[in-house]
Number of protein chains: 2
Amino acid sequence: MHRSKERPADRSITPPAPPASSAPSAPSAPSGSSDFLQLNIVEAPAGRRSDWLARELRRAIADGRLPVGSRLPATRVLAAELRVSRGVITEAYQRLTEDGQLAGRRRGGTVVVAAPVTATAGATASSTEMSTARAPARGTASSTASSTDAAPSVHRDRPATPFAAPPGPEIFDELRTAPARIDLSPGVPDLSAFPRTAWLRAERAVLAGLASTELGYGDPRGTPALRLAVADWLARNRGIRADPDEVLIVSGTAQALGLIAQVLHRDGIRETAVEDPGSLGAQQHLRHWQQATPPVPVDEYGIRVDALRASGARAVLLTPAHQFPTGVVLDGGRRRELMRWAADGGLIIEDDYDAEHRYDRAPAPALRSLLADQVCYAGSISKLLAPALRVGWVLAPPRYRTALVDAKRFADLGNAALPQLVLARLMESGELERRLRLLRRRHRQRRDAMIAAIRAQLPGATVHGAAAGLHLTITFPPGVCRGSDTDLAAAALARGVKVQPLSWHRQIPAAPGLVLGYAARTPGEITEGVAVLGEALKGG
Amino acid sequence: MHRSKERPADRSITPPAPPASSAPSAPSAPSGSSDFLQLNIVEAPAGRRSDWLARELRRAIADGRLPVGSRLPATRVLAAELRVSRGVITEAYQRLTEDGQLAGRRRGGTVVVAAPVTATAGATASSTEMSTARAPARGTASSTASSTDAAPSVHRDRPATPFAAPPGPEIFDELRTAPARIDLSPGVPDLSAFPRTAWLRAERAVLAGLASTELGYGDPRGTPALRLAVADWLARNRGIRADPDEVLIVSGTAQALGLIAQVLHRDGIRETAVEDPGSLGAQQHLRHWQQATPPVPVDEYGIRVDALRASGARAVLLTPAHQFPTGVVLDGGRRRELMRWAADGGLIIEDDYDAEHRYDRAPAPALRSLLADQVCYAGSISKLLAPALRVGWVLAPPRYRTALVDAKRFADLGNAALPQLVLARLMESGELERRLRLLRRRHRQRRDAMIAAIRAQLPGATVHGAAAGLHLTITFPPGVCRGSDTDLAAAALARGVKVQPLSWHRQIPAAPGLVLGYAARTPGEITEGVAVLGEALKGG
């Protein structure tokens, strides 16, 4: 499916269109293949060759191998090379002509006249509609080398880099699709370690043992098997004792926040205090769901509970095990203060996003383990296996449980069953814990590589929150970072390295900084990426 | 992990704290163990003894063996008993102190100061909460034979059968979990025909070709591969020409309705007219999302467009290809009337839930194919493969596209990637069309079996909407059905057969009837189930 990724990363080297006279049986091309785009007819499903060719052409236009203006081989030539009837080629060309990507120019032959906007940067002026802006196939973006190109606009008319304006609702899509050589965005574990074989094995077992009725509509709370596996996981790893019936399976923490916000809103709570600095993404989700997000400062002990109390907010979103983005672990005294605040009626939304990834010792137990009636706990598989699985879980305080199940029902009737059942097997077989141990070792090496690189390349920077997680944060003392941290991030992206400016995650302005993910990158990439940051910092 | 559950339930029997003077080498305790909490150091993983001890302490506090106020052994004493260095004990105590569960009291030693709330049974009043009502494992419900048992109440305190009160938000969960011998609920295809082997084969290929980055966060609109496959599918099967970029992948039609309702609400539209009779489930979803659902009558030609116009609603939810539940196909004249209504600014939400399942001829093209600017089209895989996959798609009118993508982003950041990629392969390989042909043959036999059984067992009933779909509807002339149709459905359930009363799907009262699914049952089950309906009708 993703063969194109194995091709050279430098998309600017476009293979020249073959001369129209290229002999059908040129010795260099095996039978049924063409040098043009390295097409090989054996890859085409029988009877669907036009579909296949149209798809190959679209892909080549999308990733810049066929830039606007390039001429396609004559149908007769390509048909002879691929040993198919000329109608197959004509049909495929016709499809793309109907799409508006190709045009027949009589004597000039068939020419590429339009490309999806995200593909070749700056090729077309995007209109305001997303329909004209085709995002590149996932996975190609980060391997695309054209470093100084501006980031593509994904949906709306937005400036050419994700850093040119205050972040809007599409900011993380814009950052994700911005081409970069080395992606140091936070929030993703080592995806190359995804246990593909174990996943497939578990899926085979699930499919073999599945009752037909399990393929019908199900419990909106999730499958009993996964809810049990999650309850066991939380007992073993997070000190939480929960009955499986208390577990609500959701589509990741993003959905958890949306559902919780809806329930709070219906309960008359319109404000959820957030840590500052704190996750911009989480704030965007809360705000979308009509929760105001007053900021409460975080210091070296965690959230300032006195300031939380002073804010008057009745709910707060916290990341106590490893504060995002500073990495502070909530200290014992603050925990006790927070418990008192909650006992007085405050609701804590505990976002336990990466607590299992603690490097020095076992993570602190979740707040939920101490105060089930006042803590709404949210966790997910995103940092343990992969965000693309879109599976998470919520433990709500008893008074919100029914309302939260209703919210999930009316969101989507519950998560898909098969991935839940596969995941349950991986969790119950110990596979997930084995993987977590492997990840911890690997992530730790990567963290160490990043810290070493920062010491060497960014000597003025202070490192925060490196005891756990998948990312760390650096701040710069006055005078080191001449512009804003968004300028620095933009300069880094122009040099091919993707990072998040700390100011994105601040409501209260403070020292500039960067949030740097290390878990998904090799030590070599990390060293190189941080060196580029050093250059960007000097280059200004 | 749940070892503690095997202990006596009476948590008031707390082991006494050991006397501070207990001799390090007391003969009763084997080497490396302590009477305190029956600790045995051999259970501790080498090098992680502090972790182990901290976990044991937390567990003991959680389950009440160490109640608040109890004093822990001095570090020196416990270290000697367990034959570990004193630092191991100090470190473990420190952890729990940081958690806020222990506190050092100088001369008083180390004392438990806080315990998790959920631990000791009876500490919290749970009562009417869902946590006390565990739903049966999926797949067991329909095979459970205890026919006269009342349906379990799933979440709230509700009457013992789904038919004893007007349907609330959990009604479909209640019906699903109600035990029955033969389930004739509508809305589910033949799940025993799910292509498990083809699914697994496709998943293997997907996992083999997957780029790691595809396991990260992705495009909220869905994977490019599935959006392309859906665009192709709609072109082949529903006469719709859409660019893949227009396709939004969602978690089934339920989510589609929710997202559309949110977008309409933000656009100032607070009313979506619905067909009457029309799907109760769809109405519940719209109402949850703050859309009023004024009813518009359906006659033998489909929705009465004159009544729609008179209602003043600016949006309408329609099932034109096979009206739910009556099965009427929207007639040509009505289509034209509807087009005029839409051209005047009306918005059509086209729920194309089972159009592909047409038995007599090719289904009528979707309304979307005629009027893309005024039709928001929603389809799903639920009736083609399985509802448990939770995959559907929406084609929005251009003016709502960006808002709908935002709604999906803030709902859940987009569907899970793997099932999308598997599905794309099944759609592009022709597997799904092969399966649809197989299903059509099989469903047709089942439909014929049901019609024959109705003729034989329910001679007074009129059959509606049998030309397509997975269900049919019967109505009874005056005098045939003595009570209400919910009474009849309750009587059938008491005899082990599950059906939906037509009145659930009516806002405007009219003749009693039943909605009967046939696709998921064998002809033998159908014949038997309808015979039971005949008995229930006579038995009253």
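Coordinates for the structure precede this section.
What you are looking at is a predicted structure, and each value in this text was computed from that prediction instead of being measured.

Procedures and definitions
- Residues numbered from 1 in each chain as written.
- Chains lettered and ligands numbered in written order.
- Predicted model: local features only at pLDDT ≥ 70, side-chain atom pairs only at ≥ 80, totals over all residues.
- Heavy atoms only, no water.
- Helix = DSSP H or I, 4+ residues; strand = E, 2+ residues; numbered from the N terminus.
- Buried < 20%, exposed > 50% of the residue type's maximum accessible area, 1.4 Å probe, protein only.
- Pairing = 2+ DSSP bridges.
- Core = buried A, V, L, I, M, F, W, Y, C linked by side-chain atoms within 4.5 Å.
- Contact = heavy atoms within 4.5 Å.
- Axes fitted to C-alpha atoms, helices over the stretch in contact; angles between N-to-C directions.
- Left-handed = near helix turned anticlockwise from the far one by under 90°.
- Nonpolar A, V, L, I, M, F, W, Y, C, P; charged D, E, K, R; others polar.
- Polar contact = N/O pair within 3.5 Å; in protein donor to acceptor, adjacent residues only side chain to side chain.

Colleague: When you look at unusual backbone geometry in this model, what are you seeing that I'm missing?
Modeller: Note: most peptide bonds trans; most residues except glycine with negative phi. All names here are of chain A. The step from Asp276 to Pro277 runs through a cis peptide bond, and the omega angle for that step is 0 degrees. Following the sequence through the fold, Pro277 ends up in the loop between strand E7 (272-276) and helix H8 (280-288). Following Phe324, the chain continues to Pro325 via a peptide bond in cis, the omega torsion being 0 degrees. Considering the arrangement of structural elements, one finds Pro325 in the loop between strand E10 (315-318) and helix H10 (332-343).

Colleague: Would you take a moment to explain the pairing of strand E12 (residues 375-380) of chain A for this structure?
Modeller: A regular strand places its side chains so that they alternate between the two faces of the sheet. Residues and elements named next belong to chain A. Most of E12 is tucked away: six of the six residues are buried. Relative to E12, strand E11 (residues 347-351) runs parallel, the two sharing four bridges. The residue bridging Ile348 from the neighbouring strand is Val375, located in E12. As judged from the four bridges shared by E12 and strand E13 (residues 392-395), these two strands associate in the antiparallel manner. Counterpart to Ala378 in the pairing with E13 is Val394.

Colleague: In this structure, what is going on with the nonpolar core? I would like to understand it.
Modeller: Inside soluble globular proteins, nonpolar side chains tend to come together where they are buried. In terms of nonpolar packing, the biggest core is built from 81 residues, with Trp199(A) and Trp199(B) touching the most fellow members. Excluding its chain neighbours within four sequence positions, the residues that come into contact with Trp199(A) are Phe194(A), Leu385(A), Leu389(A), Pro419(A), Val422(A), Leu423(A), Leu426(A), Glu203(B), Leu207(B) and Leu418(B). Among the nonpolar cores identified, the runner-up in size contains 56 residues, and Val405(A), Val250(B), Ala315(B) and Val394(B) belong to it.

Colleague: Got a minute to help me understand the packing of helix H6 (residues 224-238) of chain B against helix H12 (residues 417-428) of chain B in this structure?
Modeller: Pairs of packed helices are described in terms of their axes, by the angle between the two and the distance that separates them. Residues and elements named next belong to chain B. The N-to-C vectors of H6 and H12 enclose an angle of 35 degrees; their axes lie 8 Å apart at closest approach. Crossing geometry of H6 relative to H12 is assigned as left-handed. For the pair H6 and H12, the contacting residues are Ala225, Leu226, Leu228, Ala229, Val230, Asp232, Trp233 and Arg236 in the first and Gln420, Leu421, Leu423, Ala424, Met427 and Glu428 in the second. Across the contact of H6 with H12, the residue classes tally to 10 nonpolar, one polar and three charged.

Colleague: Looking at this structure, how should I read the side chain of Arg334(A)?
Modeller: All names here are of chain A. Mapped onto the fold, Arg334 is located in helix H10. Residue Arg334 is classed as buried on the basis of its relative accessible area of 12%. Among the polar contacts listed, one links the side chain of Arg334 to the backbone oxygen of Gly302, at a separation of 3.0 Å. If we skip the residues at most four places from it in the chain, Arg334 touches Asp299, Tyr301, Gly302, Ile303, Arg304 and Val305.

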